[in-house]
Amino acid sequence: MAVKRTSDMSRVKKGAELEVEHLAEVTDVTPKQARALLRKHGADWQRLKDEAEDLKKED
């Protein structure tokens, strides 16, 4: 029996939700922005922090 797998990149995996919350809290970006950064840069925390600072400067 084949299992249908869907790839919904708009959602962060359950375990990563803690990372989203942590990134949003530490960098003062919105959870939506934090999810986008995590999707784009993965676990590269230095890059995530740099990108989050850039986002804050744009606002």
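Calculation notes
Residues take numbers from 1 onward in each chain, read along the sequence in its written order. This being a predicted model, a pLDDT of at least 70 is required before a residue's local features are given, and a value of 80 or more before pairs of side-chain atoms are given or counted; all residues contribute to the totals for chains, interfaces and linings. Calculated side-chain values reflect all of the structure's heavy atoms, with hydrogen atoms and water omitted. The helix count covers DSSP runs of H or I at least four residues long, the strand count covers runs of E at least two residues long, and both are numbered beginning at the N terminus. The cut-offs for exposure are 20% and 50% of the maximum accessible area for each residue type, with area from a 1.4 Å probe on protein chains only; residues under the lower value are buried, those over the upper are exposed, and the others partly exposed. By the convention used here, residues are in contact when the closest approach between their heavy atoms is within 4.5 Å. Per-residue and other accessible areas were derived by the Shrake-Rupley procedure at a 1.4 Å probe size, with only the shown protein chains allowed to occlude residues. The arc in question is the one spanned by the directions pointing from the helix axis to the C-beta atoms. The set of buried Ala, Val, Leu, Ile, Met, Phe, Trp, Tyr and Cys residues whose side-chain atoms join them within 4.5 Å is what this entry labels a nonpolar core.

Novice: So, the overall build of the chain: which residues are in play, and what are the values?
Specialist: When helices and strands are counted, the chain shows 3 helices and 0 strands. Each of the 59 residues in the chain was classed as buried or not, and the buried ones make up 22%. In the chain, once contacts between residues fewer than 6 apart in sequence are set aside, the share between residues at least 24 apart is 23%. On the chain, roughly 5000 Å² of surface is accessible, and the fraction owed to carbon and sulfur atoms is 49%.

Novice: Break down helix α1 (residues 17–27) for me, with residues and values.
Specialist: Three or more residues of α1 are buried, namely V20, L23, A24 and T27. The buried residues of α1 occupy an angular sector of 95° when projected down its axis, which confines them to one face. Residues of α1 that are exposed and point over 90 degrees away from its buried face: L18 and E25. Residues of α1 that are buried make contact with α2 (31–41) and α3 (45–58).

Novice: Lay out α2 in plain terms, naming residues and giving numbers.
Specialist: All of the buried residues along α2 are A34, L37, L38 and H41. Down the axis of α2, the sector holding all buried residues measures 100°, keeping them to one side. Structural note: α2 exposes K32 and K40 on the side pointing more than 90 degrees away from its buried face. Buried positions along α2 lie against α1 and α3. Remark: G42 follows α2 within two positions and exhibits a positive phi of approximately 65°.

Novice: I'd love a proper account of the nonpolar core, names of residues and values included.
Specialist: Counting 9 residues, the largest nonpolar core is built from V20, L23, A24, V29, A34, L37, L38, L48 and A52. Elements with a minimum of two residues in this core: α1, α2 and α3.

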